[in-house]
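Overview (structure and organization)
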Amino acid sequence: MEKNNSEDFNLIEQFLNGDENSFKTLFEKYSQRVLSLVYSYTKNYDDAKDITQEIFLKVYNSLENFKKRSSFSTWLYRITLNESISFLRKMKKEKNLVSIDEVNEIEIQNNSNDQNNYDRGLMEKILLSLPENQKIAFILAKKEQLSYREIGKIMNISEKAVESLIYRARENIRNFLKNELG
Amino acid sequence: MKHLKKSLISKYVDNMIKDQKTNDAIKKHLDECVECRQVYDSYIKIDNFVKNFNVDIKDDLYLEFLNRKINHSKTKISTFRFSLSFALLLSLIFLLSFSLTLFTGRKNILKVENYTQNNVIDKSFSNFLSDGYSDIISTVDWTEK
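Moving on, we get to a nonpolar patch on the surface. Where nonpolar side chains cluster on the molecular surface, the patch consists of B:Phe94, B:Leu95, B:Phe98 and B:Leu102 and spans about 470 Å² of accessible area. Tracing the backbone through its elements, the reader meets B:Leu102 in helix 4 (residues 61–129).

Below is the structure:
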């Protein structure tokens, strides 16, 4: 983890000294992770891609303000969460404007995706069934291998709260799988 | 047999139990208790499920990011240009209105000056010829002493 941190700090330093390739390295290292995390919020690839690019644009423009008090990944995931949450808020406002026909269209698209790839569909269904906080804490812990402490920093909650969110996420998924698979 | 709390199993799965004795005790219990073992196994399965969850990137994200960056800086420049021209226009309007006010103000001052001069002379002259003045004048002794 420490090695990873210093690698990131070096890349940031090089970028701030004018080396654009260092930013490309950072982008390639984290874009897939950020995209997956955003996707768990949006459940839509195009939206997730769009938000991911916005996040990296924000990072690109504000890297000089990064104080190195936390690791780069913690800072990046925090921006990711904030951007995803503001997207969800915006969507909730616009939700009422979507017509019934459009909703049916979305459902048909989702169903066809499920038929093509069952595991992916099941995974999406499970992610959909989780409350936002549980979902994010669990993904950060399992996919990003972050400690409770780091997740707490990103989500602005205590370690104890992270522990409880992950436990509840596991239990919810277990119950969901029990109901789905019998 | 007493079962382990599920929250403790969850913490154990995450390697977040610091005390070695507790860790050993949990491990021993999981070897003996089928029910707790099932919970543990299901947690591990779920973890692997989430670990393998990936969104396939269908496009060249970095290339798209570069395009967005260029567009963003273009928008920034055009916004800057727009604000600059707006500020220039505003200051031009301000200067124009200020000079107009000065010009019309000077004209008005001249008018007022002319008006007051004429009126004051007229008035003092008419006052001089009024009855009150004649009365006062009549009381004055004009003869040389």
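Once that is clear, we can look at the packing of aromatic side chains. All chains considered together, the criterion is met by 17 aromatic pairs over all chains. Between B:Phe94 and B:Phe98, the ring centres sit 6.2 Å apart and the planes meet at 15°, which makes this aromatic pair stacked. Residue B:Phe94 and its partner B:Phe98 are both found in helix 4; the two are separated by 4 residues, about one turn of the helix. Here B:Phe94 falls in the exposed class, since its relative accessible area comes to 57%. An aromatic cluster of three or more residues is present, and its members are A:Phe15, A:Phe23, A:Phe27, A:Phe56, A:Tyr60, B:Tyr62 and B:Phe65. A cation sits over an aromatic face here: A:Lys135 above A:Tyr41, 5.9 Å from the ring centre. A cation sits over an aromatic face here: A:Arg170 above B:Tyr43, 5.6 Å from the ring centre.

Time to look at helix 8 (residues 148–155) of chain A. All names here are of chain A. Counted residue by residue, helix 8 has 6 buried out of 8 residues, so it is predominantly covered. Those residues of helix 8 that sit buried are Tyr148, Glu150, Ile151, Gly152, Ile154 and Met155. Positive backbone phi, approximately 65°, marks Asn156, located one or two places after helix 8.

The rules we used
- Starting afresh in each chain, residues are numbered from 1 along the sequence in its written order.
- To read the labels, note that chains go from A and ligands from 1, taken in the order they are written.
- Residue-level local features of this predicted model are given only where pLDDT is at least 70; pairs of side-chain atoms are given and counted only at 80 or more, and the full residue set underlies all totals for whole chains, interfaces and linings.
- Hydrogens and water molecules were not included; the side-chain quantities draw on all heavy atoms of the structure.
- What goes into a patch is any residue over 30% in relative accessible area without a salt bridge, connected to like charges within 9 Å or, for nonpolar side chains (Val, Leu, Ile, Met, Phe, Trp, Tyr), within 5 Å.
- Shrake-Rupley sampling with a 1.4 Å probe provides the accessible areas, and residues are treated as covered by the protein chains on show and by no other component.
- Here, a salt bridge means any Lys or Arg side-chain nitrogen found within 4 Å of an Asp or Glu carboxyl oxygen.
- Here a strand is any run of E in DSSP of at least two residues, a helix any run of H or I of at least four, and the numbering for each starts at the N terminus.
- Think of it this way: a Phe, Tyr or Trp ring, Trp meaning its six-membered ring, pairs with another when their centres are within 6.5 Å, and the plane angle makes it stacked under 30 degrees, edge-to-face over 60, tilted otherwise.
- Each residue gets one of three labels from its accessible area relative to the maximum for its type: buried under 20%, exposed over 50%, partly exposed in between, using a 1.4 Å probe on protein chains only.
- We count a charge as sitting over a ring when the NZ of a lysine or the CZ of an arginine lies within 6 Å of the ring centre and within 35 degrees of the ring normal.

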